[in-house]
Amino acid sequence: MPETVAAHPEKPGGGRRGRRLGPVALVVAGGFSVQFGAGIAVMLMPRAGALGVVTLRLLLAALVLLVVCRPRLRGYARADWGTVVAFGTALAAMNMMFYQALDRIPLGAAVTLEVLGPLTLSVVASRRLVNLVWAGLALGGVALLSGGGFDRLDPVGAAFALGAGGMWAAYIVFSARTGRRFPQADGLALAMTVGAVISLPFGIWEAGDRLLVPATLGLGLAVALMSSVLPYTLELIALRRLPAPTFAVLMSLEPAIAATAGFLLLGQGLHLTEAMAIVLVIGASIGAVRSQAGPAAEAATADQ
């Protein structure tokens with residue numbers, strides 16, 4: 001708050017730097033949470049199937065958010081509700097496609113393909129030429145992380161991952177709009193409820209009463225908290241203060257985080273080329289954040 005800044009003078013630019021890095025830290029923390037949650041989801045799939053895991057994730061996350069947030073339902077315009085429904089639809093589609101991909105291809109490859117959606121958004125939405133450079137560098141890291149082996153992947157799984165990437169880009173857009181129209185995490189709670197309702201018939205069709213097994217419910221709750229409640233809340237807060245193009249390029253960190261989660265949870269090792277790719281995507285993300293310094297970046301943030 002302004003009073004705090006006045007009471008504790010900082011070096012020139014220090015407060016501005018803190019305001020930039022704060023939302024970046026939220027995005028990175030959310031990335032670690034969602035990818036480690038995805039690792040747990042892979043272990044849960046033999047119990048409930050891909051669509052069953054999605055249903056557990058969204059339904060349990062919606063229940064948690066509704067209890068915690070207790071969102072107000074009155075006083076919103078039709079456009080506000082349209083934004084929430086679009087956000088919830090993007091959430092459901094993104095998750096269903098992504099978990100269908102995970103059922104067919106490795107976690108690292110799925111996230112590497114999925115992240116092409118946010119990278120494309122960063123190129124299309126950016127109004128600054130330097131962001132195109134960082135997006136290109138991140139894309140090079142993504143290509144390197146693939147190891148040139150996408151031709152050996154299950155084509156249906158790869159198609160689902162690319163589709164999830166498109167929905168991820170839509171998620172970024174509608175998450176930012178929802179954050180502007182609804183206070184706190186109210187919009188997220190309502191959108192998660194929409195996504196849960198959409199996914200529920202698919203989960204029941206695939207898993208049936210297996211969704212009610214206590215051990216399955218426990219693992220599903222862990223996935224819901226790690227892959228939905230925590231990361232989406234952090235990202236919703238971050239998108240109120242971070243330009244969408246920068247947020248999209250930061251998503252290039254996801255393959256590196258997914259590779260770490262795959263190594264620790266699923267025993268998937270890292271090769272030298274994959275380590276080099278991690279360096280590239282982290283460098284691109286740092287460059288994207290630093291490029292937002294200055295009055296132009298603050299004006300762009302205010303426009304979001």
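These numbers were taken from a predicted model, which means no experiment stands behind them. (Residues numbered from 1 in each chain as written. Predicted model: local features only at pLDDT ≥ 70, side-chain atom pairs only at ≥ 80, totals over all residues. Heavy atoms only, no water.)

**Student:** Teacher, can you tell me more about the packing of aromatic side chains here?
**Tutor:** Within a pair of aromatic rings, the relevant descriptors are the distance that separates the centres and the angle that separates the planes. Following the criterion strictly, the structure yields 6 aromatic pairs and no others. For the pair Phe32 and Phe36, a centre-to-centre distance of 6.5 Å together with 20° between the ring planes defines the contact as stacked. Taken as a pair, Phe32 and Phe36 lie in helix H2 (residues 14-69) at a separation of 4 residues, close to a single helical turn. Centre to centre, the rings of Phe98 and Tyr99 are 5.7 Å apart; their planes meet at 70°, and the pair counts as edge-to-face. Residue Phe98 is classed as buried on the basis of its relative accessible area, which comes to 6%. A network of ring pairs unites the aromatic residues Tyr76, Trp81 and Phe182 as a single cluster. (Phe/Tyr/Trp six-rings, centres within 6.5 Å; stacked < 30°, edge-to-face > 60°. Helix = DSSP H or I, 4+ residues; strand = E, 2+ residues; numbered from the N terminus. Buried < 20%, exposed > 50% of the residue type's maximum accessible area, 1.4 Å probe, protein only.)

**Student:** For this particular structure, what's the right way to read empty space enclosed by the protein?
**Tutor:** A probe as big as a water molecule, rolled over the atoms, marks out the empty space that is left. One pass over the full model with this rule turns up 2 cavities of 30 Å³ or more. Taken as a whole, the largest cavity encloses approximately 170 Å³ of empty space. Every residue lining the largest cavity is counted, 15 residues in all, and those nearest its centre are Val34, Arg57, Met94, Glu114 and Tyr232. For the lining of the largest cavity, the elements supplying multiple residues, two or more each, are H2, helix H3 (78-102), helix H7 (155-181) and helix H9 (214-239). Looking at side-chain class alone, the lining of the largest cavity contains 8 nonpolar, 3 polar and 4 charged residues. (1 Å grid on protein atoms, 1.4 Å probe; cavity = no way out; pocket = protein on both sides within 12 Å on 5 of 7 lines; lining within 4 Å. Points joined across faces, edges and corners; volume = space filled by probe spheres on them. Nonpolar A, V, L, I, M, F, W, Y, C, P; charged D, E, K, R; others polar.)

**Student:** Please explain unusual backbone geometry as it appears in this structure.
**Tutor:** Glycine aside, residues mostly have negative phi, and peptide bonds are mostly found in the trans state. The residue Arg70 is not glycine, and still its phi comes out positive at about 45°. Following the sequence through the fold, Arg70 ends up in the loop between H2 and H3.

**Student:** I would appreciate a short explanation of the pattern of salt bridges in the present structure.
**Tutor:** Two side chains carrying opposite charge are able to pair once their charged atoms lie near each other. Across all of its chains, the model carries 1 salt bridge by this definition. Across the pair Asp80 and Arg181 runs a salt bridge whose closest N-O atoms are separated by 2.6 Å. With a gap of 101 residues between them, Asp80 in helix H3 and Arg181 in helix H7 connect regions that are remote in the sequence. By relative accessible area, Arg181 is classed as partly exposed at 37%. (Salt bridge = Lys/Arg side-chain N within 4 Å of Asp/Glu carboxyl O.)

**Student:** When you look at the nonpolar core in this model, what are you seeing that I'm missing?
**Tutor:** Grouped burial of nonpolar side chains is what soluble globular proteins tend to show. Ranked by internal contacts, the top residues of the largest apolar core, which has 73 residues, are Tyr99 and Met192. It is H2 that contributes the most residues to this core, 19 residues altogether. If near-sequence neighbours (up to four positions away) are discounted, Tyr99 is found in contact with Ala38, Ala41, Met45, Ala50, Val53, Val54, Arg57, Val223 and Ser227. (Core = buried A, V, L, I, M, F, W, Y, C linked by side-chain atoms within 4.5 Å. Contact = heavy atoms within 4.5 Å.)

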